[in-house]
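# Chain and residue survey
What follows is the residue order along each chain.
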Amino acid sequence: MKNNLSLLSIFIILISCSKSDKVPNPCEGLMNEAPPTELMLKFTDKTNNATLNLTAADIKIIDGKTGSEFKNWRLVNRTGIASLDGSLSMAVFPGPEGEYHYEIQLLNKGTVTFSYQVTKQQNNDICKPYVYPISNLKTKNQAYTIFQHEGKSYPKILIVTL
């Protein structure tokens, strides 16, 4: 009987120790990666404001931090917003805070130094305590304006005059 009581005590101790008092993690299994942000530049001719007809072969983009060629870009041909056709679209991932620079080389048209700012802001989401918004898009060596469409400004789209 004494052995049975000892075994029962050990069994109760093991069960009570194996009980998990952990609070479930509401973020478990969720991806915490932000999707890329699309930044656009539309290049126009300074003499007549016409959109420059560029091809992929006309463009080379160099990342200012790494010095390597930036590959996450494409030329836009969108249905519905013809005014953006021919624009350069860059997919950038909001990363550590700081200023980011790119040298955009346009065959026979020159070079555009493009930059933007990433800031770190606290967020009320427990699964994503910080967000990294992109702002302050500008070109350093060419004139630019912010894209306007139907009375609305789009600060992530610049019109660059060459």
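Below, the structure is looked at part by part. Every chain is numbered on its own, with residues counted from 1 as its sequence reads. Residues qualify for local features only when their pLDDT is at least 70, as the model is predicted, and side-chain atom pairs are given and counted only at 80 or more; totals for whole chains, interfaces and linings, by contrast, use all residues. Note that water and hydrogens are dropped before the side-chain values are worked out from all heavy atoms of the structure.

## Let's talk about the overall build of the chain
The secondary structure listing takes helices from DSSP runs of H or I that are at least 4 residues long and strands from runs of E that are at least 2 residues long, numbered from the N terminus. A count of helices and strands for the chain gives one helix and eleven strands. Secondary structure of the chain in N-to-C order comes out as α-β-β-β-β-β-β-β-β-β-β-β. For every residue, the accessible area (1.4 Å probe, protein chains only) is compared with the maximum for its type, and the residue is labelled buried under 20%, exposed over 50%, or partly exposed between those bounds. When the 162 residues of the chain are sorted by exposure, 28% land in the buried category. The contact rule is simple, with two residues in contact once any of their heavy atoms fall within 4.5 Å. Taking all contacts inside the chain whose residues are at least 6 apart in sequence as the whole, residues at least 24 apart take part in 49%. Carbon and sulfur atoms form 54% of the exposed surface of the chain, whose accessible area is close to 11000 Å². Here the Shrake-Rupley method, with its probe set to 1.4 Å, supplies the accessible areas, and only the displayed protein chains count as covering residues.

## Remarks on the pattern of salt bridges
Think of a salt bridge as a Lys or Arg side-chain nitrogen and an Asp or Glu carboxyl oxygen that are within 4 Å of each other. Under the criterion given, the structure shown has three salt bridges. The residue Arg74 makes a salt bridge to Glu38 at a minimum N-O spacing of 3.4 Å. Of this pair, Arg74 sits in strand S3 (residues 73–75) while Glu38 is found in strand S1 (residues 37–44), placing the two residues 36 residues apart along the sequence. Under the relative-accessibility criterion, Arg74 is labelled partly exposed at 41%. Of the charged contacts, one joins Lys71 and Glu69 as a salt bridge, the two residues approaching to 3.9 Å between their closest N and O atoms.

Spatial relationships are all this shows, so hold off on functional conclusions.
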